[in-house]
Amino acid sequence: MKICVFGASSRTIDEVYIKAIEDMGEYLAKHGHNLVFGSGITGSMGAAARGFKRGGGKTHGVVPEFFKEDLSDYVDFNCDEMTFTKSMRERKAVMEDVAGSFIITPGGIGTFEEFFEVLTLKQLGRHRKPIAIYNINGYYDDMINSLNHSIEEGFIAQRCTELFKVFNSLDGMLDYLEHDNMNNLSIKDFK
């Protein structure tokens, strides 16, 4: 299965995150999976790609055309497969379509936006693919607390928490990605 990994491209990420994400990629590749990602060579994205390669997996980079000119030093052009898109919006759509599951690794604004988009699409019944949050070093604790606050205030349905799963380590993540099945839920469950 192609696993879409969302994460940061920042060059200033602490090594604790880089190592954990590289190890994750290697582990998933050794279990027969491949990577689809935003084709970043730095940060979390670069770490995921290096890990998948180290584990024998293939990488599919998806990047907007304008990165070739303005941001080429952030792009891994050595992916096994490359897809160039016209926009960031199209980039996400391609990754969402070809992925069999999603992992959200620590990241910034773009990563938050990617997570909330795939979560919203799942809530709306547009896909039923597993969404795993890899909460390295408690990175996403505050976001999870904010989601729980929104549930308590009635802005988000309680069942929304069934649409993703949070992992603090690799334990259980592979099983979830390979076997989670949300086909028994409908959009009405989230109203």
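You'll find the structure just up there.
Residues numbered from 1 in each chain as written. Predicted model: local features only at pLDDT ≥ 70, side-chain atom pairs only at ≥ 80, totals over all residues. Heavy atoms only, no water.

Trainee: Whenever I open this one, the overall build of the protein confuses me. Can you help?
Mentor: Scanning the protein from N- to C-terminus turns up 7 helices and 7 strands. Its C-alpha atoms give the protein principal-axis dimensions of about 45 × 35 × 30 Å. Burial statistics for the protein: of 191 residues in total, 49% are counted as buried. Surface accessibility of the protein: about 9,400 Å² in total, with carbon and sulfur atoms responsible for 49%. Across the protein, 21 positive and 28 negative side-chain charges occur, with their mean positions spaced 5 Å apart. (Helix = DSSP H or I, 4+ residues; strand = E, 2+ residues; numbered from the N terminus. Buried < 20%, exposed > 50% of the residue type's maximum accessible area, 1.4 Å probe, protein only. Areas by Shrake-Rupley, 256 points an atom, 1.4 Å probe, with all protein chains shown as cover. Lys, Arg positive; Asp, Glu negative; His and termini not counted. Charge placed at Lys NZ, Arg CZ, Asp CG, Glu CD.)

Trainee: Before we go on, may I ask you to explain the packing of helix 1 (residues 15-30) against helix 2 (residues 43-54) in this structure?
Mentor: In the contact formed by helix 1 and helix 2, the axes pass within 6 Å of each other and the chain directions differ by 35 degrees. Handedness of the helix 1/helix 2 crossing: right-handed. Each of Ile18, Ile21, Glu22, Asp23, Gly25, Glu26, Leu28 and Ala29 in helix 1 lies in contact with helix 2, whose residues at this interface are Gly43, Ser44, Ala47, Ala48, Arg50, Gly51, Phe52 and Arg54. Looking at the contact of helix 1 with helix 2 residue by residue, the classes come out as 7 nonpolar, 4 polar and 5 charged. (Axes fitted to C-alpha atoms, helices over the stretch in contact; angles between N-to-C directions. Left-handed = near helix turned anticlockwise from the far one by under 90°. Contact = heavy atoms within 4.5 Å. Nonpolar A, V, L, I, M, F, W, Y, C, P; charged D, E, K, R; others polar.)

Trainee: What's the story with unusual backbone geometry in this structure? I'm lost.
Mentor: Non-glycine residue Ser39 carries a positive phi angle of around 65 degrees. Secondary-structure assignment places Ser39 in the loop between strand 2 (34-37) and helix 2. Phi at Asn137 is positive, roughly 60 degrees, even though this residue is not glycine. With respect to the element layout, Asn137 can be found in the loop between strand 6 (131-134) and helix 6 (141-152). Overall, Asn137 belongs to the exposed group, its relative accessible area being 58%.

Trainee: Help me understand the sheet that holds strand 6, please; the structure alone is not making it clear to me.
Mentor: Each strand in a sheet pairs with another by means of backbone hydrogen bonds, the pair being arranged parallel or else antiparallel. Spatially, 4-3-2-1-5-6-7 is the arrangement adopted by the 7 strands of the open sheet, whose pairing is parallel. The open sheet has two edge strands, strand 4 (81-85) and strand 7 (165-167), and neither has a second partner. Between one strand axis and the next, the sheet turns through 25 degrees on average, direction left out of account. Taken together, the 3 bridges between strand 1 (residues 2-6) and strand 2 define a ladder with parallel strand orientation. Opposite Ile3, over in strand 2, you have Leu35 as the bridge partner. Contacting strand 1, strand 2, strand 3 (59-64), strand 4 and strand 5 (101-104), helix 4 (residues 88-98) crosses the sheet at an angle of about 155 degrees to strand 3. Seen against the sheet, helix 5 (residues 109-123) touches strand 1, strand 5 and strand 6 and runs at an angle of roughly 150 degrees to strand 6. (Pairing = 2+ DSSP bridges.)

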